[in-house]
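# Report on the structure
Chain residues, written in single-letter form:
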Amino acid sequence: MAPGGFFGRALIVDVAGQLATSAPYELDDRVLRAYLGGVGLGTWLLHRLAPPGVDPLAPEAPLAFVFSSLVGTPLTTSAKFAVVAKSPLTGLLTDALASSQFAIAGKLTGHDAIVIRGRADVLSVLLIDGDGVRLEPAPELAGLAAAEAESAARERFGRTWRTAAIGPAGERQVSYATISHDGRHAGRGGLGATMGAKNIKAVLVRAATKVSVADQPGVLAAARDLRKRSFGPATAKYRELGTLANLLAFNAVSTLPTRNFTAATFEGAQQLAAEELHELRGVARNSCASCSIGCEHIYSRKGGGSQRMEYENVFALGPLCGVSDPDEVFAASARCDELGIDTISAGGTIAWAMECVERGLLDEPWLRFGDGAALLRALDAIGERSPGLGELLAQGSRRAAAVVGHGSIDFAPQVKGLELPGYEPRSLQTMALGLAVNARGADHNRSGAYEADLSGDLDRLAGGSAHVTAAIATEDRAAVMDSMILCKFLRGVFDDPFTEWAALLALVTGWQVDAAELRDTARRIVRAKRAFNMREGATAADDTLPARMLTTPLELGSGRHATLDADRLRSMIAGYYAARGLDEEGRVVTEIPDLLLDA
Amino acid sequence: MGQSKAWLEWHGSTLLYRAAAVLARTVDGPVIVVAAPGQELPALPSYVSVVEDPVEGLGPMQGLAVGLAAVADRAETAFVCSTDMPFLHPAFVRRVLRALPDGTDVALPVARGFRQPLAAGYRTSLAPLIKDLLSKGDLRPGMLFKHCEVVQLSDEELLADAELMRRDPTLESVVNVNSPDDYAEARDRAPVEVVVECFGALARNGSHRPHEVRAATLGAAATAVGLTLNRHVVAALNGDQVTRDEWLPLVAGDTVSFLSADAGG
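Throughout, a residue's number is its position along its own chain's written sequence, starting from 1. Lettering for chains starts from A, numbering for ligands starts from 1, and both go in the order in which the items are written. Restriction of local features to residues with pLDDT of at least 70 applies here, the model being predicted, together with a cutoff of 80 or more for giving and counting side-chain atom pairs; totals for whole chains, interfaces and linings are based on all residues.

## A short note on the overall build of chain B
Strands are runs of DSSP state E lasting at least two residues, helices are runs of H or I lasting at least four, and both sets are numbered from the N terminus onward. For chain B, the count of helices and strands is nine helices and 14 strands. We compute the radius of gyration from the C-alpha atoms alone; for a globule the expected value is 2.2 Å times N to the 0.38, where N is the number of residues. Its C-alpha radius of gyration of 19 Å places chain B within 12% of the 18 Å reference for a compact globule of 265 residues. In terms of principal-axis extent, the alpha carbons of chain B reach across some 65 × 40 × 40 Å. Counts of 20 or more other C-beta atoms within 10 Å of a residue's own C-beta define buried residues, counts of 12 or fewer define exposed ones, and intermediate counts define partly exposed ones; C-beta atoms are placed from the backbone. Within chain B, the fraction of its 265 residues that count as buried is 48%.

## Some remarks on the interface of chain A and chain B
At the junction of the two partners, chain A supplies 32 residues and chain B supplies 24 residues. The set of elements that each furnish at least two residues to the side of chain A that touches chain B consists of helix H8 (236-240), helix H9 (246-252) and helix H19 (450-453) of chain A. Of the residues assigned to the side of chain A that touches chain B, the class counts are 15 nonpolar, ten polar and seven charged. Contact between residues is assigned whenever the C-beta positions, reconstructed from backbone atoms, fall within 7 Å. In this count, Pro and Cys sit with the nonpolar residues alongside Ala, Val, Leu, Ile, Met, Phe, Trp and Tyr, while Asp, Glu, Lys and Arg are called charged and the others, Gly among them, polar.

## A look at unusual backbone geometry
Each neighbour pair has its own omega, and for methionine 484 of chain A with isoleucine 485 of chain A the value is -25°, a cis peptide bond. For isoleucine 485 of chain A, the location among the structural elements is in the loop between helix H20 (465-484) and helix H21 (497-509). Residues other than glycine seldom take positive phi values, yet threonine 77 of chain A does so here, at roughly 70°. Mapped onto the secondary structure, threonine 77 of chain A falls in the loop between strand E3 (63-66) and strand E4 (80-86). Classification of threonine 77 of chain A as buried rests on a count of 26 C-beta atoms within 10 Å. With a phi close to 55°, leucine 171 of chain B is a non-glycine residue in the positive phi region. Take leucine 171 of chain B: it is sitting in the loop between helix H7 (162-167) and helix H8 (180-188). Judged by the 20 C-beta atoms lying within 10 Å of it, leucine 171 of chain B falls in the buried class.

## Comments concerning the pairing of strand E12 (residues 200-205) of chain A
Residues and elements named next belong to chain A. By the criterion of burial, E12 is predominantly enclosed, with six of the six residues buried. Direction of pairing for strand E7 (residues 124-129) relative to E12: parallel, over a ladder of five bridges. From the neighbouring strand, serine 124 faces E12, where its bridge partner is isoleucine 200. Strands qualify as paired when DSSP identifies two bridges or more between them. In the sheet, strand E9 (residues 162-165) pairs with E12 via four bridges, with the strands oriented antiparallel. Across the sheet, threonine 163 pairs through a bridge with leucine 204, a residue of E12.

## Details of the sheet that holds strand E15 (residues 306-308) of chain A
Residues and elements named next belong to chain A. With antiparallel pairing, three strands are arranged side by side in an open sheet as E13-E14-E15. Each end of this open sheet is capped by a strand with a single partner; those strands are strand E13 (283-286) and E15. Taken pair by pair, the neighbouring strands of this sheet meet at an average axis angle of 25°, ignoring direction. Pairing of strand E14 (residues 296-300) with E15, which is carried by three bridges, proceeds in the antiparallel orientation. Looking at E15, one finds that isoleucine 298 is bridged to arginine 308. Convention adopted: a line fitted to C-alpha atoms gives each axis, helices being fitted over their contacting stretch, and angles between N-to-C directions are expressed from 0 to 180 degrees.

## Considerations on the sheet that holds strand E11 (residues 211-214) of chain B
Residue and element names in this part refer to chain B. The strand order across the open sheet built from five strands is E11-E10-E14-E12-E13, with neighbouring strands paired in mixed fashion. A strand with exactly one partner marks an edge of an open sheet, and here the two such strands are E11 and strand E13 (242-243). Note: strand E10 (residues 193-198) against strand E14 (residues 255-260), four bridges, orientation parallel. Bridging from a neighbouring strand, cysteine 198 pairs with phenylalanine 258 of E14.

## A few points about the packing of helix H2 (residues 38-49) of chain A against H20 of chain A
All names here are of chain A. Packing of H2 against H20 brings their axes to within 4 Å, and their N-to-C directions diverge by 85°. Between H2 and H20, the angle is such that the two are roughly perpendicular. On the side of H2, the interface is formed by Gly38, Val39, Gly40 and Leu41, while H20 contributes Ala479, Asp482, Ser483 and Met484. When its residues are assigned to classes, the contact of H2 with H20 shows four nonpolar, three polar and one charged. Convention used here: angles under 35 degrees read as roughly parallel, angles over 145 as roughly antiparallel, angles from 65 to 115 as roughly perpendicular, and any remaining angle as oblique.

## Here we look at the domain arrangement of chain A
Residue and element names in this part refer to chain A. Segment limits for the domains were obtained from an automatic or database-derived domain assignment. If you check the domain split of chain A, you get domain 1 (9-205), domain 2 (235-419) and domain 3 (431-595). Placing the centre of domain 1 and that of domain 3 at their C-alpha centroids yields a distance of 26 Å. Domain 1 puts 35 residues into the contact, and the matching count from domain 3 is 26 residues. Top element by residues in the side of domain 1 that touches domain 3 is H2. It accounts for eight residues.

Structural data, given as C-alpha cells:
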C-alpha cells in the first residue's frame, strides 16, 4: 500500500504515430521516501528512464511531469509540479517547477508522475484521465500561443480538463522554450522544446480519483497554521510588491546585472521599479492555485491590456538589455509569453548579441543596448527561428558564442549553457558558488545562495569557507522544498525548516520522518542530480562562471570594486566538493547505493 | 575621565565600538584593537580582533608596536587611532593612507594645530624599530619620527582632498575627548544627517526615494524610518556591505538602503 499522499505509481506514456499507449510504473515506498516527489523523484525517474547519452530532442528522451504527496492537500502553495527532462539547452538535467490546477488534476489521474516518450506524427494533444490516455491530432493549434492553445483545447475537449501547452517557439524547438499553463510557466532549460520535439502541443489531464493522507485532521490543522503564517512579515515582500521589489534594492546594492553584466547598477532602474509602478499604474494581484501569498502582480499597460511582471523578466528584458521604458519591457515580456520562451535565457542571449554588435562581432547594427524595438524584433526572430540571427540566438548564448567565436564565449552570460539570472556573482559571492556548481546551470531557484549574501551575516564580496557552508545549506533547503513540493516564497516562515517539513510530511504520508532524515534526503537529491549530469558527460570544468566574472572587477555604486578571481572560485568549489562528499573532480564516488538507482 | 574611554557610551554603543567599526567600514584589511594587560573591553564588531599588550605602562608607542606587528603579515600599511575620536570620518582615514606611498614610513597629520600621531598612517614594517626604541627607553612618538621617513599633512593638504573637504571641512576627525566636559560636549552634538531609502515591502508613502534623517548609528536610522533591524530587515551602507549591525556608526555623506532580507525569488 502506498504511503499517504501517494499512489505508488507513475504512468509511462509512449507516443508513436497517431497512438499513445501507457503502462504503470511502480514506485515503491523506499523510492518515494528517498526522493519525496517533484524534482527529487523526477531526477530518479530520469536516471531510470533516460537512455544514457540520449539526444534531448529524440523520441526516446523522457519528459516527466512529477507531483508530490502534498499536491491536492489544503497546505498553502502545494499545488505545484515539476517538469523534468534532459535539457535541450544544457544537455544536462533540467527541472522546472510550476503551480496551477494542472498539478492537482494531473496527480488525480491516479499517478505520482506522468512520463512521456516518443513522437507523434502530427501536432497533437495528449489526454490523460481515469479512462487512460489518448492522442488527438490538433493541427489547428499550430502557431498558437500557449494560452490560446490552452483555451482552444479546453473548448474542444471540455472545461474539466487542465492543460500544459507550448507556444510556437516550443513547436520550433527553440532551446529555451517553456511549457505553460494557466499563465504560469515551467520556464528554464527548454522543456517546451522537448515537448515540441514530441509533436505534442498540449497535455490535458482530468482528475479521476482521490488520494488519502495519513492524518487528515492533522493536515487540516497544519494547513490552517501554515496559511496564517503565510500572511506574516516573511512573505510581505511577495504580497505587497511581488518579486519585482528586488529590482530597486538590487540596484542599491550593486547586484542588478546591466548591459550583459558590464555593470551592476542601472540608471533606468527607478522607472522599472515596483515601488514606482505601483504608484503610476493600475495593479492587480493574483495567486497560484492553493496559494495564500498572492505574489503575482499584474500591471496595466499603456494603450490597454495588462502584463504579469516578475523581477526576472524585468531584469532580463530591461537592465540586462539596457532598456528602461517599462512599456517596452512589458511588451517584450508579453512577447516571450506569446512565443513560449524563457525570459531569462531570451534576455541573456539577446544581451550577449547586443554586446557582440558593439564589439563588431555580429553584423546586425540595429541590435543595440537600450533599444526596445530592437529587443522585440530579436524576440520575434528567435520565435520564428528566422534564418541568420533568429536561428543563431534560438540556441542560447553558449552555442551562439561557439558559432560567433572571437572570444565571445567569455562574455556569454551562462553556466552549463543556462543563462544567468538577475544576481551579479561578483557582488554576491555565495551566489557565485551556487551558480557555478548547480546541476541545472546558472540557477537562482535550486540554489538560493543569495539569501546568505543578503542576510548581513557574511561578507558578500569575499567568498570563503563560510560561504561554502551557506551555499550548501540553501541548496539543501531548496532540494527538499522542490521535492515535497512547497513554494520557496514560504521559506522565511519556517523557524526550524527541516523539523517543520518533516512534521508536515509525517502528517501527509504517515512516515516517521525527522529532520535528520530530510537532511540526508536533500543531500541524496543533490548528489543524484550531479550523478545524472556526470553520466551525461559533465565534468568539473562545467562548474565555473563566465570568464568575465573571473577576470573583470566590478565597480560598485560605492566606488569600491568587487573582485572574484578564478582562484577564489576554485577554492570555494573545492570546499563544496569536499563538503558534498565528491572527489576532486566533482564526481559522486561514494554512497551510490544510497541513490537507489538499482531499485 | 574617571573611567576607561573605551567604555564611554556613544549613541547606544561605545566609543571603542565606533572607532573600530569606522575603520572596519573604511579599509579592506584587518582591524585590531590593542588592549592593555588584563583590560576588559566592551563589545566589539565580530570582524574586529583583539591583541593584548604584554607590557603595561609604556604608553602609545608600545601599543603601536604591538598593533603593527599583529597585522604585519596581512597589511603593509595601517591607520592607527585612539579610542576617543568620536568624529573620525572614513574620508580622513582614506586621505591619510593615500599619503603612504613606497618609501614613506609615516603619514602624519598636523591638523587643527597639533601633530596627530594617533590619527596617522604607519608602515607595518616599523614594528621592530619601535620595539628597539622602546627597549632603549624612547617612549615618545617623536623619537620614532626621527628614525624614519615621515610625510606631514597640514590642514590645507588634508583638505585638498575633495571628499574630506566635503564631509569634514573643519577636520573634526581629529577631535578627541580628554575630559568629562569634552565628552559631554561631543555627546550633545546632534547626530549627522544621512540619506535613507527603503525598498520593497519596507517602502511606505514614497520612502523608496532618498530622504534625510539624523542618526549616529544604523539602528537610529532604522528607528527614524519606523523600522527595526531583524531577520527580515537588513541595510546596505552606501550600496556596499549588507548588515544588521544596529551599532554600525554613520557619518556625514552616508546613504543607508533598507531592504527586505527575504530578497530573491
